[in-house]
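Below, each chain spelled out in residue letters.
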Amino acid sequence: MNAIEFILAGMLAAATPFLLAALGEMVVERAGVLNLGVEGMMALGAVIAFIIVYHGGGHVLGFVAAGLASAILSLLFAVIALGFRANQVATGLAIGILGQGLSALFGKTYESLTVTGLPKLAVPGLSEIPVIGGLFVQDAAVWLTLAATLGIWAVFAYTKVGLVIRAIGENPKAAHAIGYPVIAIRVAAVAFGGAMAGFAGAYASVVYTPLWADGMIAGRGWIAIALVVFGTWLTGRIFLGACLFGAVSLMGLAAQATALDVPSQLLSSLPYIVTIVVLGIISADRRLLKLNGVASLGEPFER
Amino acid sequence: MTAPLLSLRGISKSYGEVRANQGVDLDVAPRSIHAILGENGAGKSTLMKLIYGVEQPDDGTVAWQGEILSLASPAEARRKGIGMVFQHFSLFETLTVVENIQLVVQGRKADLIDRVKALGRDFGLEVDPLADVHALSVGERQRVEIIRCLMTDPKLLILDEPTSVLPPQSVGKLFETLRRLRDGGVSILFISHKLDEIRAICDRATILRAGRVTGNVDPREHDAHDLARMMIGRDMPEPMPALPRSGGEKQLEIVGLDYRPDDPFAVPLSNISLTVRAGEILGIAGISGNGQSELSALISGETRLPREATDRIFMMGQDVGTFGAAARRRLGFAFVPEDRLGRGAVPEMSLVLNSLLTAHPLGLKRHGLVDRAKAAAFTKDCIRQYDVRTPGPEAEAGALSGGNLQKFIVGREIMLAPRLLFVAQPTWGVDIGAASAIRRRLVALRNEGMAILVISEELEELFELCDFIQVLYHGTLSDPLVTRDTRPEEIGRYMIGAHSAAAKALA
């Protein structure tokens, strides 16, 4: 297996935690709310899923519980930031720190323990294709994530729910004036984003690298937030961005296999360097951000 | 007389100390275009909010088709058959026309597109259902708002100052639409302070002054003079006569300026040229959104030109294209921006501190520190001279009404004794008496030799003030027209671009 095949085969799985968390955050931001607690919500989801799977509860229950736990944590954010109209940036950071703290607390006795991941499911025929065949051998969670990506895209492209979320993000006052419950819809969006971050954390701890180590989310929540901007709040671009980051984070491993003389620390910091570079490039084009950006992002809504 | 569709009795509403409505009675007949006439601050908007369910009255009753009604929300009002088109539109700019309508009306997209087209044909409200709202002109946006209201089948349609955003030609078209709606069985509440319009279209007028009803008449039986007296309680003040002058020094000159903004929603400017001389007032007419904010920012120095664009903007003879706002002010330039809160004044700061923002060079500081006594004296002077209604110089700017804050900002800038004064929308939201005082002051300053540039949407205002008028349309500026040789209809043609189209057809 050469480096290209290795990266193609692993890219989607590596991208999945980014993609789940970023799509959740995209929905939150489209509704006009900035929740910076993604990293902490992922960490909480990760530890909850790990504990359940470790004790034999199974992956399905693990994912559901992780989603629920992070959604509850995000509702705490919603109460403070939307209910009491506290500053969203500060609240998000605080909730994120809380999530990381909780994950360290719950995970203390599970440090370095392992579980088994999920089996890979191959698409018959397609997986036989040389070079790109690896793309079609993925575990069930990856397939479900791809379906969710398609679903979210369709919701924003075709449904009234998507339309209402976009309208609230652009002009909450006008949306209120025509009779939409702005706060309730924003709370729902935040909870959805929380659940998605929980799934993302669960994928990281019980499927992608099925072992528990404190701090294992390792900044992936922050990259997910950057991905939302990187993808200019569009599902398709966020998907491509997540794949890029998935591929970049595998490059380090691939390069080690080819025995290139590059320090491993530099290789493992590649995703973060790429994040900074790409964000810089995107931000240079203000037209792009303005056209797709969310006008009321981060602003509290008062009637 | 038939039973009224809507009937208010003894409606009162107070906000703290301010009594916005006191004992208002109002009857709107079926199939009627009923005017609510009054100055800014007379309580028109409050009354409409009460009818539309945005706010609840403290006292009094509302009867709708004979039944007593208490509305908790706009959604409920819409269900009863009351629709409202706001002055500042409540459309979503990043969505298409039909998406905006989908948010309010149930139905499949394809059906809604057909209904939009059908309403457009029936009532003269043509608009492309699939266009993005941010790409539409102001008149088209208004049509979308009206269509959106009509799709909920209202029996009463409230229009808040609908003509304030339209050029003269489109006003005629709107009136035609309103007449057709009335004939189709919809009553219309038409809020305005423009007397001629009310006499042209309304069959009933209720006049408000300081929260009370001061008249309930058939506007076709009264002349504008009578209506004005009921509205402001006295005769209209006479305008200040302008002394003929010419040939002053060029204080502002813009030569062939092109500008492409970064912001995709902003208007690019092309080949802008204008000259303002000492002792002259130049007015820039046009419907807002045709490049006014971009041009204002370029003149004020908020937007600087790139280093390579030389010899485009001159002030007092100097090339100032790359100068910032402060450097331009040091040359003797003063500026009243269009948005009072945030650009003209800091809402959270006191009037004294707001004076310091631009008036600090007038000796309001000593050894680099603020001289509080002098700053307070300056502020008091400004409050007195410009009749600013406020508890005192320590009041927060944001606590003043829009009109009073405008008087304060205009006063502050005039007291700087600039050589070049630029005022965007000088009397926007200011009541008639104060507006006329501001206009008289501007003419007096012109007579003393100040160069003044005014951007305004109000044609009557420009005709009263200006020596020359240029019209801004789609980011291009017409040649200067001598005001006394020009009729408003000609300006109106430029405002909708009909003039340039005709010129192109000839060429």
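In what follows, the structure referred to is the one given above.
In short, a report on the structure. The written sequence of each chain sets the order in which its residues are numbered from 1. As they are written, the chains are lettered A onward and the ligands numbered 1 onward, keeping that order. For this predicted model, a pLDDT threshold of at least 70 governs which residues receive local features, and a threshold of 80 or more governs which side-chain atom pairs are given and counted, while totals over whole chains, interfaces and linings are taken from all residues. Heavy atoms from the whole structure form the basis of all side-chain values; hydrogens and water molecules are not counted.

### Side note on the interface of chain B and chain A
Bring the parts together and some accessible area is lost; that lost area is often taken as the interface size. Threshold: Any pair of residues with heavy atoms lying within 4.5 Å of one another is described as a contacting pair. We define buried area as the total accessible area lost by two parts upon association, computed with a 1.4 Å probe and summed across both. For this document, the term salt bridge refers to a Lys or Arg side-chain nitrogen within 4 Å of an Asp or Glu carboxyl oxygen. Polar contacts here mean pairs of N or O atoms no more than 3.5 Å apart (in protein, one a potential hydrogen donor and the other a potential acceptor; neighbouring residues in sequence count only if both atoms are side-chain atoms).
Each partner contributes residues to the interface: chain B has 21 residues there, and chain A has 17 residues. When the two sides are added together, the surface that chain B and chain A hide from each other amounts to roughly 1,800 Å², 58% of it contributed by carbon and sulfur. Contact with chain A buries area across many residues of chain B, yet Phe92(B), Leu103(B) and Pro264(B) alone supply 33% of it, more than any other trio. Across the chain B-chain A interface, the total number found is one salt bridge. Taken together, the links from chain B to chain A amount to four residue pairs in polar contact (both at pLDDT 80 or more).

### A closer look at the layout of surface pockets
All names here are of chain B. Heads up, the condition is: Method remark: on a 1 Å grid restricted to protein atoms, a set of points is classed as a cavity if a 1.4 Å probe fits but cannot get out and as a pocket if it is open with protein on both sides within 12 Å along at least five of seven lines; lining residues have an atom within 4 Å of a point. Grid points are joined across faces, edges and corners, and a volume is the space filled by probe spheres set on the points. Helix and strand assignments come from DSSP, with helices taken as H or I runs of at least 4 residues and strands as E runs of at least 2, each series counted from the N terminus. Note on residue categories: nonpolar means Ala, Val, Leu, Ile, Met, Phe, Trp, Tyr, Cys or Pro, charged means Asp, Glu, Lys or Arg, and polar means any other residue, Gly included.
Of the volumes computed, that of the second largest pocket is approximately 550 Å³. Along its surface, the second largest pocket is lined by 25 residues, and Ala325, Ala326, Arg329, Leu357 and Thr358 are the ones closest to its centre. Contributions of two or more residues to the lining of the second largest pocket are made by helix H10 (325-330), strand S16 (333-336) and helix H11 (351-359). The greatest single-element share of the lining of the second largest pocket, amounting to four residues, is contributed by H10. Taken together, the residues of the lining of the second largest pocket sort by class into 14 nonpolar, six polar and five charged.

### Here's the deal with empty space enclosed by the protein
All names here are of chain B. Applying the stated rule across the entire model yields three cavities of 30 Å³ or more. Its volume calculated, the largest cavity comes out at about 130 Å³. Together, 13 residues line the largest cavity, and Tyr52, Arg78, Met84, Arg148 and Cys149 are the ones closest to its centre. Contributing elements (two or more residues each) for the lining of the largest cavity: strand S6 (82-85) and helix H5 (138-150). With three residues, the top contributor of residues to the lining of the largest cavity is H5. Split by residue class, the lining of the largest cavity holds seven nonpolar, three polar and three charged. What the second largest cavity holds in volume is close to 100 Å³. In terms of lining residues, the second largest cavity is bounded by Gly124, Leu125, Gly139, Gln142, Arg143, Ile146, Leu166, Ser170, Lys173, Leu174 and Thr177. Mapped onto the lining of the second largest cavity, the elements with two or more residues apiece are H5 and helix H6 (168-183). A per-class count over the lining of the second largest cavity returns four nonpolar, five polar and two charged.

### Points about the sheet that holds strand S15 (residues 318-319) of chain B
Strands in a sheet are paired, the pairing made by backbone hydrogen bonds, and the direction either parallel or antiparallel. All names here are of chain B. The line we're drawing: DSSP bridges decide pairing: two strands pair if at least two such bridges lie between them. Axis definition: a line fitted to C-alpha atoms, over the contacting stretch in the case of helices. Angles run 0 to 180 degrees between N-to-C directions.
Across the sheet, four strands lie side by side as S12-S11-S14-S15; this open sheet has antiparallel pairing. Either end of the sheet is taken by a strand with one partner, and the two such strands are strand S12 (269-277) and S15. Bridge count for strand S11 (residues 250-259) against strand S14 (residues 313-315) is three bridges, and the pairing is antiparallel. Looking across to S14, one finds that Ile254 is bridged to Ile313. Lying over the sheet, helix H9 (residues 292-300) contacts S11, S12 and S14, oriented at roughly 125 degrees with respect to S11.

Geometry only, nothing functional implied.
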